[in-house]
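Results of the structural survey
Below are the chains, spelled out letter by letter.
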Amino acid sequence: MRHRTIVRVKLISGMWSAAISADILVNARARTHTHATAILIALTLAGCSEENDASKKAPVEAGYVVVKSESVAIPVTLSGRTSAFEMSEVRPQVSGVIRARMFTEGTIVKAGQTLYQIDPSVYRASAAAAKANLQSAEAARTATAAKAARYRPLAAMEAISKQDYSDAAAAARQAAASVAQNRAQLGAAQINLRFTRVPAPISGRIGRSLVTTGGLVTADQTNPLTTIQRLDPIYVDIQQSSADLLALRRSLAQASVAASSTSVKLMLEDGSSYGYGGTLQFAEAMVDPNTGTVTLRARFPNPQGLLLPGMYVRAELSQATLKDAILVPQAGISRDVRGRATVYLVGPGNKALRTTVTADRTIGDKWLVTAGLKRGDRVIVEGLGKIRPNAGITPVVAGSKPHKTKPNTASRG
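Each chain has its residues counted from 1, following the order in which its sequence is written. Note on the predicted model: pLDDT of at least 70 is required for a residue's local features to be given, and 80 or more for side-chain atom pairs to be given and counted; whole-chain, interface and lining totals, by contrast, use all residues. Working from all heavy atoms in the structure, the side-chain values ignore hydrogens and water.

Looking only at helices and strands, the chain features four helices and 22 strands. A total of 413 residues make up the chain; the buried ones form 32% of that total. Put simply, of all contacts in the chain between residues at least 6 apart along the chain, 75% involve residues at least 24 apart. Per-residue accessibility takes into account occlusion by the displayed protein chains alone, with areas from the Shrake-Rupley method and a 1.4 Å probe. With an accessible surface of roughly 25,400 Å², the chain has 53% of that area assigned to carbon and sulfur atoms. Secondary structure follows DSSP: runs of H or I at least 4 residues long count as helices, runs of E at least 2 residues long count as strands, and numbering of each begins at the N terminus. Accessibility here uses a 1.4 Å probe with only protein chains present; expressed as a share of the type maximum, an area under 20% marks a residue as buried, one over 50% as exposed, and anything in between as partly exposed. Contact definition: two residues touch when any of their heavy atoms are within 4.5 Å.

Residue count minus one, scaled by 1.5 Å, sets the expected span of a helix. With 36 residues, helix α2 (residues 121-156) extends 53 Å from end C-alpha to end C-alpha; this agrees with the ideal 52 Å at 1.5 Å per step. For α2, every residue scored as buried is listed here: Tyr123, Ala127, Ala130, Leu134, Ala137, Thr144, Ala148 and Ala155. In this structure, the buried residues of α2 make contact with α3 (162-194). Once α2 finishes, Glu158 follows within two positions and takes phi at roughly 60°, a positive value.

Turning to the nonpolar core, a few remarks are in order. When a protein is soluble and globular, its nonpolar side chains tend to lie buried together. Formed by 17 residues in total, the largest nonpolar core has its most connected members in Leu115, Tyr116 and Ile228. Apart from residues lying up to four places away in sequence, Leu115 is in contact with Val90, Ala100, Arg101, Met102, Phe103, Val109, Val198, Pro199, Ala200, Ile206 and Ile228. By nonpolar core is meant a set of buried Ala, Val, Leu, Ile, Met, Phe, Trp, Tyr and Cys residues that side-chain atoms within 4.5 Å join together.

Attention now goes to the packing of aromatic side chains. The rule is short: rings of Phe, Tyr and Trp, with Trp giving its six-membered ring, pair when the centres are within 6.5 Å, and they are stacked under 30 degrees, edge-to-face over 60, tilted in between. Scanning the model with the defined rule gives four aromatic pairs in all. Centroid distance Phe103 to Tyr116: 5.4 Å. Interplanar angle 80°. Geometry classified as edge-to-face. Remark: Tyr116 occurs in strand β7 (residues 114-118) and Phe103 occurs in the loop between β5 (96-101) and β6 (108-109); sequence separation between them is 13 residues. For Phe103, a relative accessible area of 7% translates into the label buried. Taken together, Tyr274, Tyr276 and Phe300 form an aromatic cluster joined through their ring pairs.

Right, let's get into the confidence of the model for the chain. What pLDDT expresses is the predictor's confidence in each residue, scored from 0 to 100. Taken residue by residue, the chain gives an average pLDDT of 82. The fraction at 70 or more is 83%. Element-level mean pLDDT values for the chain span from 37 in strand β2 (residues 16-27) up to 96 in β7. Note that residues 1-39 has pLDDT below 50 and, in this model, 45 contacts with residues that lie over four places away or in other chains. Every residue in residues 405-413 scores below 50 in pLDDT, and together they form seven contacts with partners more than four places removed in sequence or on other chains.

Our next topic: unusual backbone geometry. Following Asp232, the chain continues to Pro233 via a peptide bond in cis, the omega torsion being 0°. One non-glycine residue with positive phi stands out, namely Glu158, at about 60°. Counting through the fold element by element, Glu158 comes out in the loop between α2 and α3. The exposure class of Glu158 is exposed, given its relative accessible area of 67%. The phi angle at Asn350 is positive, at roughly 55°, despite the residue not being glycine. According to the relative accessible area criterion, Asn350 is partly exposed, its value standing at 32%.

A few words on the layout of surface pockets. A volume near 440 Å³ is recorded for the largest pocket. Mapped by element, the contributors of at least two residues to the lining of the largest pocket are β4 (69-90), α4 (242-252), β16 (312-329), β19 (352-363) and β20 (366-371). For the lining of the largest pocket, the leading source of residues is α4, giving four residues. The classification used treats Ala, Val, Leu, Ile, Met, Phe, Trp, Tyr, Cys and Pro as nonpolar, Asp, Glu, Lys and Arg as charged, and all other residues, Gly among them, as polar. Among the residues making up the lining of the largest pocket, the classes are represented as nine nonpolar, five polar and three charged. Only protein atoms enter the 1 Å grid used here. Points where a 1.4 Å probe fits but cannot escape make up a cavity, open sets with protein on both sides within 12 Å along at least five of seven lines make up a pocket, and a residue lines them when an atom lies within 4 Å of a point. Grid points are joined across faces, edges and corners, and a volume is the space filled by probe spheres set on the points.

What follows concerns the sheet that holds β5. The antiparallel open sheet is built from four strands, whose spatial order is β8-β7-β5-β10. In this open sheet, the two strands that pair with only one neighbour each are β8 (197-199) and β10 (216-217). Note on pairing: DSSP must find at least two bridges between two strands before they are called paired. In this sheet, β10 lies alongside β5 in antiparallel orientation, the contact comprising two bridges. Bridge pairing links Val97 to Leu216 in β10.

For α3, with 33 residues, the first-to-last C-alpha span of 48 Å sits near the 48 Å given by 1.5 Å per residue. Those residues of α3 not exposed but buried are Ala168, Ala169, Ala172, Ala175, Val179, Asn182, Leu186 and Ala189. Turning to α3, the residues buried within the fold contact α2.

Here Thr144 lies in helix α2. Between N or O atoms, a polar contact is any pair within 3.5 Å; within protein, one atom must be a potential hydrogen donor and the other a potential acceptor, and residues adjacent in sequence are included only when both atoms are from side chains. One polar contact links the side chain of Thr144 to the main-chain carbonyl oxygen of Arg141, over a distance of 3.1 Å. Residue contacts for Thr144: discarding those within four places in its chain leaves Ala168, Ala171, Ala172 and Ala175.

Side chains bearing opposite charge may pair, as long as their charged atoms lie close to each other. One side-chain nitrogen of Lys or Arg within 4 Å of one carboxyl oxygen of Asp or Glu is enough to make a salt bridge. Using the criterion set out here, one finds eight salt bridges in the structure. Glu138 is the salt-bridge partner of Arg183, the closest N and O atoms lying 3.3 Å from each other. With Arg183 in helix α3 and Glu138 in helix α2, this pair connects stretches of sequence that are 45 residues apart. Residue classification places Glu138 among the partly exposed positions, given a relative accessible area of 26%.

The structure is reproduced here in structure tokens:
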């Protein structure tokens, strides 16, 4: 005879339940063994349920960092353009025909080096004429001075009239003035003769020549013969809006903000960083009415000539330093549906305390928190995915190794 025995074990533990239905077909002789097997299965599942519930109720580990206050320089990135440290447009100071160009375009020239030679023939002749006029004036001065000297004792003895002596003395003085006048004319002629050799006014890299040999140049022309630029060091003119500059000056008036250093870094057009640091020189005392910006000028070394005038660059500098700033790793800041920044703190009783903070900008890989935190707060930065508000946690220092738990083979049941 075959008997059908149905054993059903129903276990309910916490949030889940386990149901076991066993249909065991046994003979009358095996009935006792069947009941024992069913009971053993039920007890094993019950043990698994209790262990899983216990693991769910255990507090999760939360890695935290302790907030501290420090001085933080507030960086700002502004656009700018390079400009030559010195620039000179070479123009002739006398008129004439260019006889020779005495430099190589694009090379470095030294101050005083001759760049062009203007035909000196006319100016050499003028200098010679001025010299001859000076010699004639000097001869006349000698003769009139001697005559006046002879007339003086004669006039005293009334051998000649006093008027004759006065005329002789006046003629001597006129001759002396003529000498001075002709000497000045000779100097001007010699200067013009010297200007036929057009020199470099500054040292630097010279550009292309805008006039060729045989070209006629004039002393009052507006077009330069060439341009020289000194590129080492080099200037960077940085543009900052007047509104930002006004806000900066107001913040510097506060006790918690101090002026930063004048160091500046450059980012080139291709995104690379320039290898040399610069120094902020000054800010113009006027606002450009067309752009509403103020120009800041920085000075950079340029030994390799990598920077050329007119290049677009981005300048990274700090104009203000917060004395008691709080920085929080970016992993510790999250945003709610309204966009507000929030953090989890290790609260009393090791509870996860959610609080709203003000974090409007990043400094490197951290958020700058200006409100909502104080020195000594413990901000959770690890394990945030498992944390719920006011839930129990096990706080550990961020970056430390997690606590090891013994493997539980019974939970695999």
